[in-house]
Every structure is written in structure tokens, then in C-alpha cells.
Amino acid sequence: MNKINLLNWRRRKLAQRTCLVLISGIILLIGLIGVMHVGCNLYQRDSDQLLILNKLYQQLSTELAQRLQQQRALILQFERLVIEKSAIDHIYNELTSYSFFFIG
């Protein structure tokens, strides 16, 4: 009878341990699913923010390129005006020097 009681006790203990292992596994699986869900949500949020930042960057870079092109055009126009002014000043100086000969 002692051996039968010992076998029954071992079977109950084995069943209890099996039950504890299954419960622990289920709890770990639920925890893992929860962590994965939170991680996926954070990844999705960060991905959305990166997409928004990329759109803003594209808009800003387009605007910056347009402004640089405008500034280049203005610089070229300014350089042409400086050259024209220099030529006009040179002609004015020549006319002034010739007027001294003719006037007096």
C-alpha cells in the first residue's frame, strides 16, 4: 500500500508541476504578446513621425532650393548692374576730363 500511495503522490506532484509549467508558459506567452504589441505600436508611431519629418524636409529643401536660385539670379543681376555702373562712371570721368579741355 505504501508503494501505491507513493506512486499516487508522485503522480499528483507531477500533475501539479505540469500545471504550473503550463500556467507559467501561458503567462510568459501573454507577456510576450503584450510586449510585442507595445513595441509594434511604438515602432508604428516612430515610423509615422519619420514620414511626417521626411515630408517636412522635402518641402523645406524644395523651398530652400527655390530661394537659392532666386538669390543666384539676384546676385547675377547685381553683378551686371555693378559692371554697367563702372562703365557709366568711366564714361562720365572721360567726359569730365574732355570738358576741361573744351571749357577751359
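Above: the structure in question.
How each quantity is defined
- Residues numbered from 1 in each chain as written.
- Predicted model: local features only at pLDDT ≥ 70, side-chain atom pairs only at ≥ 80, totals over all residues.
- Heavy atoms only, no water.
- Helix = DSSP H or I, 4+ residues; strand = E, 2+ residues; numbered from the N terminus.
- Rg over C-alpha atoms; globule rule 2.2 N^0.38 Å.
- Buried < 20%, exposed > 50% of the residue type's maximum accessible area, 1.4 Å probe, protein only.
- Salt bridge = Lys/Arg side-chain N within 4 Å of Asp/Glu carboxyl O.
- Patch = residues over 30% accessible without salt bridge, like charges linked within 9 Å, V, L, I, M, F, W, Y side chains within 5 Å.
- Areas by Shrake-Rupley, 256 points an atom, 1.4 Å probe, with all protein chains shown as cover.

Draft legend 1. Looking closely at the overall build of the protein. Regarding its fold elements, the protein presents 1 helix and 0 strands. A compact globule built from 104 residues would reach a C-alpha radius of gyration of about 13 Å, whereas the protein, at 44 Å, exceeds it by more than 25%. Projecting the C-alpha coordinates of the protein onto the three principal axes gives extents of approximately 150 × 20 × 10 Å. Here the protein holds 104 residues, and 0% of them are scored as buried.

Draft legend 2. Structural view of the pattern of salt bridges. Considering all chains together, one arrives at 3 salt bridges under this definition. Between aspartate 46 and arginine 45 there is a salt bridge, with its nearest N and O atoms 3.4 Å apart. The class for aspartate 46 is partly exposed, based on a relative accessible area of 36%. For arginine 45, a relative accessible area of 46% puts it in the partly exposed group.

Draft legend 3. Region of interest: the environment of glutamate 79. Within the secondary structure layout, glutamate 79 lies in helix α1 (residues 2-103). Take glutamate 79: its relative accessible area is 42%, and that puts it in the partly exposed class. Distance from glutamate 79 to tyrosine 43, taken between C-alpha atoms, is 52 Å for residues 36 residues apart in sequence.

Draft legend 4. Region of interest: a nonpolar patch on the surface. On the surface, Leu29, Leu32, Ile33 and Met36 cluster together into a nonpolar patch covering about 420 Å² of accessible area. By the secondary structure assignment, methionine 36 is in helix α1.

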